[in-house]
Amino acid sequence: DWSSDVCSSDLEKLECVVCDDCPCCLVAKKSKLRSRATVIICPASILGQWEQEIRRHTNQMKVLIYEGVEKESRKSRSNPSAMRILHPSFMADADIILVSFVALMSDLSHSEENRFVCQSSDSDWSSTKLRKRKKYRVVPSPLLSVHFWRVCIDEAQRVEVTTTKAAKMALKLNADNFWRSEE
């Protein structure tokens, strides 16, 4: 479990000595983990084909299929080890990360555009218009806490219009190189 008592009880201090780089601490500190990983963003219908081709043409590469915070959280209810993909350091250790446009869109609500991402202290809630504090903390997308080597967008015409959710989230990704292909 990457959510320590230190950071979940008091995010204002940012002195998290227990977990050091949990998703919420990384967002609060605005720091990014450097990674050698390539993120491939493609339609969900060809995600499996990408995985097959990568495994067929490469040897011993660590390939992750990331389905978004919400789906990965649901998977972890039946398999607690599935939660590790939500940890930025696990993601940063991969060679290739496959992400669908659907997962990218769903993670927009787990970015700084959602004012409730990682808020836990009472002072964070004083500026909101809610009568009661939210029951559960919104976990930030691990995609935003990693600085990737490369981001490849397959069928880039899906993110050409910068007002779409997929485009907004793609623009938030950090990488040394951005590639796109259009068909």
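Definitions and cut-offs
Residues numbered from 1 in each chain as written. Predicted model: local features only at pLDDT ≥ 70, side-chain atom pairs only at ≥ 80, totals over all residues. Heavy atoms only, no water. Helix = DSSP H or I, 4+ residues; strand = E, 2+ residues; numbered from the N terminus. Buried < 20%, exposed > 50% of the residue type's maximum accessible area, 1.4 Å probe, protein only. Contact = heavy atoms within 4.5 Å. Arc of directions from axis to C-beta. Pairing = 2+ DSSP bridges. Polar contact = N/O pair within 3.5 Å; in protein donor to acceptor, adjacent residues only side chain to side chain. Salt bridge = Lys/Arg side-chain N within 4 Å of Asp/Glu carboxyl O.

A.B. asks: Summarise the environment of Phe 178; cite the residues concerned and give the values.
C.D. replies: Assignment of secondary structure puts Phe 178 in strand β6 (residues 174-181). Phe 178 gets classed as partly exposed once you look at its relative accessible area, which sits at 45%. Remark: the alpha-carbon pair of Phe 178 and Thr 38, spanning 140 residues in sequence, is separated by 9.7 Å. Dropping the residues within four chain positions of it, Phe 178 is found in contact with Val 151, Ala 170 and Leu 173.

A.B. asks: Lay out helix α4 (residues 69-78) with the relevant residues and their values.
C.D. replies: Listed in full, the buried residues belonging to α4 are Val 69, Glu 72 and Ser 76. The buried side chains of α4 occupy one side of the element, clustering within an arc of 70 degrees when seen end-on. In α4, the exposed positions that point more than 90 degrees away from the buried face belong to Arg 77 and Ser 78. Of the surrounding elements, those touching the buried residues of α4 are β3 (63-66).

A.B. asks: Help me get a handle on the pairing of strand β2 (residues 38-42), residues and values and all.
C.D. replies: Regular strands place side chains that alternate from one sheet face to the opposite one. With five of its five residues buried, β2 lies for the most part within the structure. Side-chain alternation along β2 places Thr 38, Ile 40 and Cys 42 on one buried face and Val 39 and Ile 41 on a second face that is also buried. Summarising the sheet, β2 and strand β4 (residues 96-100) pair through five bridges and their orientation is parallel. Bridge pairing in β4 links Cys 42 to Ser 100. Across four bridges, the pairing between β2 and strand β5 (residues 146-154) is parallel. Within the sheet, the bridge partner assigned to Ile 40 lies in β5 and is Cys 152.

A.B. asks: Could you give an account of the environment of Glu 67, naming the residues involved and the relevant values?
C.D. replies: As for its placement among the helices and strands, Glu 67 is situated in the loop between β3 and α4. Within the local environment of Glu 67, its side chain forms a polar contact with the side chain of Lys 75, the two groups lying 2.7 Å apart.

A.B. asks: So what's going on with the pattern of salt bridges? Which residues, and what values?
C.D. replies: Evaluation of the coordinates by the stated rule reveals eight salt bridges. Here Arg 56 makes a salt bridge to Glu 53, at a shortest N to O gap of 2.6 Å. Of this pair, Arg 56 and Glu 53 both sit in helix α3 (residues 47-57), three residues apart, which is roughly one turn of that helix. A relative accessible area of 58% means that Arg 56 is categorised as exposed. Residue Asp 93 is joined to Lys 62 by a salt bridge in which the shortest nitrogen-to-oxygen separation is 3.3 Å. Separated by 31 residues along the polypeptide, Asp 93 in the loop between α5 (88-92) and β4 and Lys 62 in the loop between α3 and β3 bring together distant segments of the chain. Classification of Asp 93 as partly exposed rests on a relative accessible area of 38%. With relative accessibility at 27%, the residue Lys 62 sits in the partly exposed group. A single network of salt bridges, built from pairs that share partners, joins Arg 36, Lys 62, Asp 93 and Asp 95.

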